[in-house]
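Here's the letter readout for the chains.
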Amino acid sequence: MLAVHLVSFFFSKLQEDPTKKVDRFLYAMRLHDDQLKDISARFQAEMKKGLSAESNVTATVKMLPTHVRSTPVGSEKGQFLALDLGGSKFKVLQVKVREGMGIRRGGVEMEEKTYPIPGELLAGRGAELFDHVSESLKDFLHEKNISLEKKHPLAFTFSFPCEQSTLDQGKLLNWSKNYQVRGFQGKDVVQALREAIDRTGVLAMVNDTVATMMTCGFDDNYCEVGLIIGTGTNACYMEELRHVDLVEGDEGRMCVNTEWGGFGDDGALNEYLTEFDKDVDAASNNPGKQIFEKMVSGMYLGELVRLVVLKMAKQGLLFDGFVSHALRTKGKITTADVAAMEEYKNGLKNTKDILTGLDLNPSPDDCIAVQHVTTIVSFRSSNLVSAGLAAILTRIKQNRNLRALRITVGVDGTVYKTHPQYPKRLHKVVRRLLPECHVRFVLSDSGSSKGAALVTAVAQRLASRRRKVDETLSPFRLSHEQLQLVKARMRTGLEAGLKTKGPSAIKMLPSFVYHTPDGTEHGKYLGLDLGGTNFRALLVKFKKGLQHNTRLYHKLYTIPQEIMQGTGEDLFDHIVECISDFLDYMGLKNARLPAGFTFSFPCEQTAIDTGTLVSWTKGFKATDCEGHDVVSLLREAIKRRNEFDLDIVAVINDTVGTMMSCAYEDPQCEVGLIAGTGSNVCYMEEKNPGDAKIQKMCINTEWGGLGDDGSLNDIITPYDVEVDQNSFNNGKQRFEKLTSGMYLGEVVRQVLLDLTRGGLLFRGHVTEPLKTRGIFETKYLSQIESDRLALLQVRSILQGLGLDSTCDDSIIVKEVCGAVSRRAAQLCGAGMAAVVDKIRENRGLDHLNITVGVDGALYKLHPHFSGVLQETASVLAPQCNVTFLPSDEGSGKGAALITAGARLKEKIS
């Protein structure tokens, strides 16, 4: 007896493992990781091709824009009807979306009814199909007691490839899934639905893949990819809009429907196609099309298994070479059979039952072999899906410049839901291909119908938010008529300031600078420049007659805030300490150099070397300075230090210094503009009202005071009022607070705070940083508005300020910055138009050619400020040809030039 058992044992060992012969037979279907990475790279290339307007026509992966610009955020709400058309049945639903409040998440309630589609309609006329849809919808409305007279918002899931130009329009590219409805390709399916339905407004048409992403995105904010593995297969994801050539605009994201089933239609997968894939394709109703889908989706997996089993049987590898009529019949093995055969416990039993049902008499080894065939076919499917998904996730990671990516994939489809091993295999391979990505898979619990309603809800939320943001920013968008009024008020203020001896909004302070440089300046001069948070000391050497041969040495010193807002004595002692350091640095401590002092605050002057401070601006509040001669204060501080002496020849405003510096390069420069921390203009006035003998004098307008008399109240917003009330000089410098770098960031912060409190930004969460005055510096406007800066970088800037923003938040923040900075530039342009028109009229000219010397970080560093300012000035002063010349060396050089001119005049006289 023992001998019989030993013989049986050795005989069984001699028999081949049934899975081995299947492995050899289906070797080409067993894909290793290098092959999957190659397929993934090819798919990435096709994605890029599909996104490009130039190559989209020839791309097999169409990358269709869906016009879905956001996933759900929890604030969506409303009641919607939904239609879901994509198979042999379709559904009508009533969907109620409840807004999330506080820590409670939003919710979705649904009532639905499924309606069959008669087979003849799948190959009939399009009008007949949509009439059937319309009748079914009316039946649903009647059953649910929903009014047929009231207009209802409708979401439409249409699971076929469509080209969309808007969210509520879609031209059918081609039918799939056994649909062959006549006379419909190239037509707008939404319009067809509208024509069939009288009392509904179709707000959104979406693909089932997009709807799946939206359904899962309602419960998971990280869900930005949708995946269908069912009768068909497809994927969608949130692409950066700047990469979607087929849609205008470059800010934000848009869901792209890849239509990846067509991958390989150009031969890209030929080396991975088996004879069974080619047979399935040849017998399909669209040979040569949807190659990837035919290798992956539930519509074809069962047929692939049947063809493999049939050939193995013909070659005598199964069933002792017996082939039944049923095994020869197309469609006899379904994808449901494949899933049943791979069940963990009952798989072999199910395999035997299914094969017996095909009039076969399988042995145990036959059952093991056929089960292994199904495993290889379905495993290849999940591997190919993994490769495609890895390509999408890699693109998202690269788009966002991330080392690691955390993302959720929303999944639907019968293969994924019913196949016992498919999800686990898919997850494992994706994570193996992309170890640096943390990928979560979420099964869609309510199918694509809920997602379509959510797309509609999101569209309504975005439309509502768009209206509210537009309403908030509309006061910043000045019309041509408003800018004309600002120009007129500026002109009135300029004239009033020249004529009035008493107080006026625009001071029009004489500078006692009578002419611009003429090229005769020569010698060594010291320039001192105080205008903001820095103090600058310069040594300038001019060579006679050589305007462009100037040597300049300088050093920059910081003015601490406690000095800016301390005592006047401390401030001027600090300035003198900086001068002493500079003279040591230059080795000029013992030389009594002539010096020009650029003092960029409003001063009343009675001579070139005296200036009484009218009021501090730009955050300075040093005591015992207002009403005092700043030159005397500087001289007294030099005496207190008793280390050196200076011959202070002139005190000038930074605007005057900028004009003089630029006039040294361009004789037509007779206007100076500062657009930086502060805002101001000077110009050469034809007649000095104080002295009829003098034909010209540079007037420091101090135009920042325009509006102090209420003349700008009609364009001042509540945000400007808030900024003014929180400033140290409430009610003063109103024009400067609308136009200068010191205040623009704070205006933006006030707008962002209001939008957040209204639930339009940062999910309505008002953070401590957002409530902090001064945190949003004007430099952030320049960075955020840069054309070269992607929204991801904008988001990074905001996160650096403690503001956790979404992509949509970043778009709105950029828009707010743009509205505030554009208004500032337009107001400066309107003011400049008033100045140059006044010069033209003073000189009795029909046309004026003039140059404006400009300095200031806002003008120089902001990406759009200078262009908007110039355009506005040109439109409002059409009879003036104005050239804007940025100052390279600032107002310190201008102070040295004025000093040189004054010394030269003394020698001549």
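Residues numbered from 1 in each chain as written. Predicted model: local features only at pLDDT ≥ 70, side-chain atom pairs only at ≥ 80, totals over all residues. Heavy atoms only, no water.

**Notes on the layout of surface pockets**
Each pocket or cavity is described by its volume, and for the largest pocket that value is around 1700 Å³. Taken together, 49 residues line the largest pocket, and the ones lying closest to its centre are Gly532, Thr533, Thr677, Gly741 and Met742. Per-element accounting of the lining of the largest pocket gives the leading share, five residues, to helix 23 (residues 741-757). (1 Å grid on protein atoms, 1.4 Å probe; cavity = no way out; pocket = protein on both sides within 12 Å on 5 of 7 lines; lining within 4 Å. Points joined across faces, edges and corners; volume = space filled by probe spheres on them. Helix = DSSP H or I, 4+ residues; strand = E, 2+ residues; numbered from the N terminus.)

**Examining the domain arrangement of the chain**
Looking at the assigned domains, one finds that the chain contains domain 1 (67-206 + 446-476) and domain 2 (490-713 + 828-907). The distance between the C-alpha centroids of domain 1 and domain 2 comes to 64 Å. (Domains from an automatic or database assignment.)

**Some details on the environment of lysine 487**
Among the secondary structure elements, lysine 487 is positioned in helix 16 (residues 480-499). Lysine 487 gets classed as buried once you look at its relative accessible area, which sits at 14%. Apart from the residues within four sequence positions on either side, lysine 487 is in contact with Ala830, Ala833, Ala834, Asp837, Leu876 and Ala877. Polar side-chain contacts of lysine 487 include one of 2.6 Å to the side chain of aspartate 837. (Buried < 20%, exposed > 50% of the residue type's maximum accessible area, 1.4 Å probe, protein only. Contact = heavy atoms within 4.5 Å. Polar contact = N/O pair within 3.5 Å; in protein donor to acceptor, adjacent residues only side chain to side chain.)

**A word on the packing of aromatic side chains**
Across all of its chains, the model carries 23 aromatic pairs by this definition. Taking 6.4 Å as the distance between ring centres and 25 degrees as the angle between the ring planes, the aromatic pair formed by tyrosine 859 and phenylalanine 884 counts as stacked. Of the two residues, tyrosine 859 is situated in helix 27 (residues 857-861) and phenylalanine 884 in strand 26 (residues 880-886); the sequence distance between them amounts to 25 residues. Comparing tyrosine 859 with phenylalanine 884 shows no difference in burial state: the two are buried. Aromatic rings pair up to connect Phe130, Phe156, Phe158, Phe160 and Tyr179 into one cluster. Taking NZ or CZ as reference, lysine 555 lies 4.7 Å from the ring centre of tyrosine 585, over its face. (Phe/Tyr/Trp six-rings, centres within 6.5 Å; stacked < 30°, edge-to-face > 60°. Lys NZ or Arg CZ within 6 Å of the ring centre and 35° of its normal.)

**A word on the sheet that holds strand 11 (residues 253-257)**
With respect to topology, six strands assemble into an open sheet ordered 1-11-10-9-12-13, the strand pairing being mixed. The open sheet has two edge strands, strand 1 (64-65) and strand 13 (437-443), and neither has a second partner. Relative to strand 13, strand 12 (residues 405-412) runs parallel, the two being bridged by seven bridges. From the neighbouring strand, leucine 405 faces strand 13, where its bridge partner is cysteine 437. (Pairing = 2+ DSSP bridges.)

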